[in-house]
Structure formats: C-alpha cells, structure tokens
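# Results of the structural survey
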Amino acid sequence: MGRRAVLLDRDGTIIVDRHYLSDPSEVELLPGAAKGLRRLADAGFLLVVVTNQSGIARGLYGEEEFASVQRRLEEVLGAHGVTLAGAYHCPHHPDFTGPCACRKPEPSMFLSAAADLGLDLRASLLVGDRPRDVAAAEELGARGFLVGPDDAEPPPPGVLVAPDLNAVADAVLGTAEAGGE
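A brief structural summary. Small disclaimer: the values here were computed from a predicted structure and weren't measured.

### Some remarks on the pattern of salt bridges
Going through the model one piece at a time under the given rule, you end up with 7 salt bridges. In this structure, K104 engages D9 in a salt bridge whose closest nitrogen and oxygen atoms are separated by 3.0 Å. Of this pair, K104 sits in the loop between α4 (94-97) and α5 (108-117) while D9 sits in the loop between β1 (5-8) and α1 (33-42), and the two are 95 residues apart along the sequence. Assessed through its relative accessible area of 2%, K104 is described here as buried. According to the relative accessible area criterion, D9 is buried, its value standing at 7%. Between R130 and D17 there is a salt bridge; the shortest N-O distance is 3.8 Å. Taken together, the positions of R130 in the loop between β4 (125-128) and α6 (131-134) and D17 in the loop between β1 and α1 put the pair 113 residues apart, joining distant regions of the chain. One network of salt bridges, in which partners are shared, links D9, K104 and D133.

This is the structure:
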C-alpha cells in the first residue's frame, strides 16, 4: 500500500488563473489555499501539482517559464509552511501538437505521479477547478473535489464541490476524524 496524496490542478485551484501564466511575479494564492494545503499535509497527505499547460504548445511560453512559475509557487507555499512532493505537467494541446496520453482528463500524469512517488491513488484526492481536472477520479478509485466550479459544466459523477482548498480540507479531515477515510 502506498502513500496518500492530494493531486492538484494549479491554475484556478491553488493560484489565481492568469490564463497562460508565464511571469513568476503574478503567482497569487487563492483564498484558503495555503491553509487548506497545510492542513492536508499535516494530516499526512503528499501534495502534488498535476497541470495542463497548453500555453507551451501554443508557443506563448516555454518550459523555462513554466519552471520559473513553478519555483515561485513553491516559494510562496513554503512561506506558509507548505511543501510540494512533486509537479507534473502536460505541455500539449490537441489543436497544436495533436493528441497525447498525458493531457487531463487522461489519467497518465496521475499514474506517473503514483509510480514515481509510491502513491495509493485509492487513498488519494484529485482536486481541480474544472471537470476535466477530476474526471479521472472515478477511474482511478480516488476521491474527487471540484473547487470554485465553473457553473457551465456539472461535476463528474461522484465528485464533490467545495468553494476552496480549505473547505476540501474540512470535508476530508472531518470524514477522517469520524472514522471514514
């Protein structure tokens, strides 16, 4: 049995979605993000970013800019006592690079994280702000949460809705304390 994790989308889930973020100075945590992530980490969950980055495929920024933004995110979270165990990204978009196996909702990045970090996906959470971020939850046996949802698309089957990451922590830790998790 592996370790449990929270596999998180980045933009719109942890940080403000700037649409093709390439400037590290624009990294801004969403309300409730640091507190919720710290509570989940303190409860024994590894924190892993799993993000689609079609801006790379579109030529709007490169891998170096993505890495700079990711480093800044880790600095900002670190100031709140939060450490990420890993980060996975898909640099593709079907309109620009053709189909790929890694772009969410495909489960490939989650499976890679599980293999690399020794995760038990059945004991883990998938969290995102769009249905495609958490669509693989049922297939992987994970628990899915949609935060700050786009009301245009309903959540996938079995996915719970929460206003922010701190509310996700409330839901998960409340269940764990009651003997559920």
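### Observations concerning α1
Within α1, the full set of buried residues consists of A33, A34, G36, L37 and L40. Down the axis of α1, the buried set is contained in an arc of 165°. They therefore lie on one face.

### As for the environment of K35
Residue placement: K35 occurs in helix α1. K35 sits in the partly exposed class, given a relative accessible area of 47%. As for K35 and N166, which are separated by 131 residues in sequence, their C-alpha atoms are 6.1 Å apart.

### What to know about the state of the cysteines
Disulfides are covalent bonds that connect the sulfur atoms of two cysteines. Under the counting rule described, the total for this entry stands at 0 disulfides. No disulfide involves C90; its sulfur sits 3.2 Å from the nearest other cysteine sulfur, which is in C102.

Conventions we followed
Starting from 1, residues in each chain are numbered consecutively following that chain's sequence as written. The model is predicted, so local features are restricted to residues of pLDDT at least 70 and side-chain atom pairs to those at 80 or more, both for listing and for counting; the totals for chains, interfaces and linings are taken over all residues. For side-chain calculations, the full set of non-hydrogen atoms in the structure is used, while hydrogens and water are omitted. For salt bridges, the criterion is a side-chain nitrogen of Lys or Arg within 4 Å of an Asp or Glu carboxyl oxygen. Each helix corresponds to a stretch of at least 4 residues labelled H or I by DSSP, and each strand to a stretch of at least 2 residues labelled E; elements are numbered beginning at the N terminus. Using a 1.4 Å probe on the protein chains alone, a residue whose accessible area is under 20% of its type maximum counts as buried, one over 50% counts as exposed, and one in between counts as partly exposed. Here the arc refers to the directions that run from the helix axis out to each C-beta atom. In what follows, a disulfide is any cysteine sulfur pair within 2.5 Å.

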